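# Descriptive structure summary
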Amino acid sequence: MTTTDWLTDVALVLVVFRQLREGRLDLRSYLIPLGIVAFVASQYLHTIPTAGNDLVLIGALVGVGAALGVAGGVHTRIRGAGGHLFIKAGAVSAILWVLGMGARMAFQVWVDHGGADDVGRFSVTHDITTSQAWVAAFVLMALTEVVTRLATIFVRSRRVTREPQPSMGTRPAATALDHTV
């Protein structure tokens, strides 16, 4: 792995740790993770192989990324206060994020340090035609995890802002969507 590989992988893992402390949900909350995965995609996603079972591999990992992203977005606390939205990643969200992003990094380290022959045999056995299929699958998995997590947070945040504000003399309505553990 190159220094750039390490930095981008670590940056993606650290994105969720930034949200372990409650912070304001704003444009930056969306743009930072999207910017990081856009950079990763521009560096590594040159083609999307379609021969053999390449698309099956890619589809499977994109599905894993989508499941991790939606689950991570559901387990992120969103609340309204003072006309602003605030988010805080829960333990489940953080674990899922690290699991998804860490899996890509662990796979790459394993391949670089002795796992390449095993991946090669698996690829031949399952008709995965090129190493670029693995690259595309993991990059698209990360991209999908980020996009689905952010989309889930966005949709859930719209529900928080639509809830009626309490009027004077009434009991405050719950304005948080909290699925954190």
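Here's what I pulled together on the structure shown here. (Residues numbered from 1 in each chain as written. Predicted model: local features only at pLDDT ≥ 70, side-chain atom pairs only at ≥ 80, totals over all residues. Heavy atoms only, no water.)

### Let's talk about the overall build of the chain
In terms of regular secondary structure, the chain is built from 5 helices and 4 strands. Start at the N end of the chain and walk to the C end: the helices and strands fall as α-β-α-α-β-β-α-α-β. Relative to its full complement of 181 residues, the chain shows a buried share of 39%. Expressed as a percentage of contacts within the chain between residues at least 6 apart in sequence, the contacts between residues at least 24 apart total 80%. On the chain, roughly 9,700 Å² of surface is accessible, and the fraction owed to carbon and sulfur atoms is 66%. (Helix = DSSP H or I, 4+ residues; strand = E, 2+ residues; numbered from the N terminus. Buried < 20%, exposed > 50% of the residue type's maximum accessible area, 1.4 Å probe, protein only. Contact = heavy atoms within 4.5 Å. Areas by Shrake-Rupley, 256 points an atom, 1.4 Å probe, with all protein chains shown as cover.)

### Topic: helix α3 (residues 54-74)
Given 3.6 residues per helical turn, the α-helix brings residues three or four places apart onto the same face. Across its 21 residues, α3 extends 30 Å between first and last C-alpha, which sits within 8% of the 30 Å expected from 1.5 Å per residue. Within α3, the full set of buried residues consists of Asp54, Leu57, Ile58, Leu61, Gly65, Leu68, Gly69, Gly72 and Gly73. Taken down its axis, α3 places every buried residue within 130° of arc, on the same side. (Expected span 1.5 Å × (residues − 1). Arc of directions from axis to C-beta.)

### Comments concerning the pattern of salt bridges
Tallying each qualifying case throughout the model produces 4 salt bridges. Linking Glu22 and Arg77 is a salt bridge whose minimum nitrogen-to-oxygen distance equals 3.4 Å. One end of the pair, Glu22, is in the loop between α1 (3-18) and β1 (23-24); the other, Arg77, is in strand β2 (residues 76-81), with 55 residues separating them in the sequence. Glu22 sits in the partly exposed class, given a relative accessible area of 32%. Looking at Arg77, the relative accessible area reads 24%, which means it is partly exposed. (Salt bridge = Lys/Arg side-chain N within 4 Å of Asp/Glu carboxyl O.)

### Details of unusual backbone geometry
Phi at Asp127 takes a positive value of approximately 55°, unusual for a residue other than glycine. On the basis of relative accessible area, Asp127 is assigned to the partly exposed category, the value being 41%.

### Quick word on the packing of aromatic side chains
Enumeration over the complete set of coordinates arrives at 6 aromatic pairs. Seen in terms of ring centroids, Trp134 and Phe138 are 6.5 Å apart; in terms of plane orientation they differ by 20°. Their pairing is stacked. Residue Trp134 and its partner Phe138 are both found in helix α5 (residues 131-162); the two are separated by 4 residues, about one turn of the helix. On the basis of relative accessible area, Trp134 is assigned to the buried category, the value being 12%. For Phe138, a relative accessible area of 12% translates into the label buried. Here the aromatic cluster, defined as three or more aromatic residues joined through ring pairs, consists of Phe107, Trp110, Phe122, Trp134 and Phe138. Across the ring face of Tyr44, the terminal group of Arg104 is positioned such that the distance to the ring centre comes to 5.9 Å. A cation sits over an aromatic face here: Arg149 above Trp97, 5.4 Å from the ring centre. (Phe/Tyr/Trp six-rings, centres within 6.5 Å; stacked < 30°, edge-to-face > 60°. Lys NZ or Arg CZ within 6 Å of the ring centre and 35° of its normal.)

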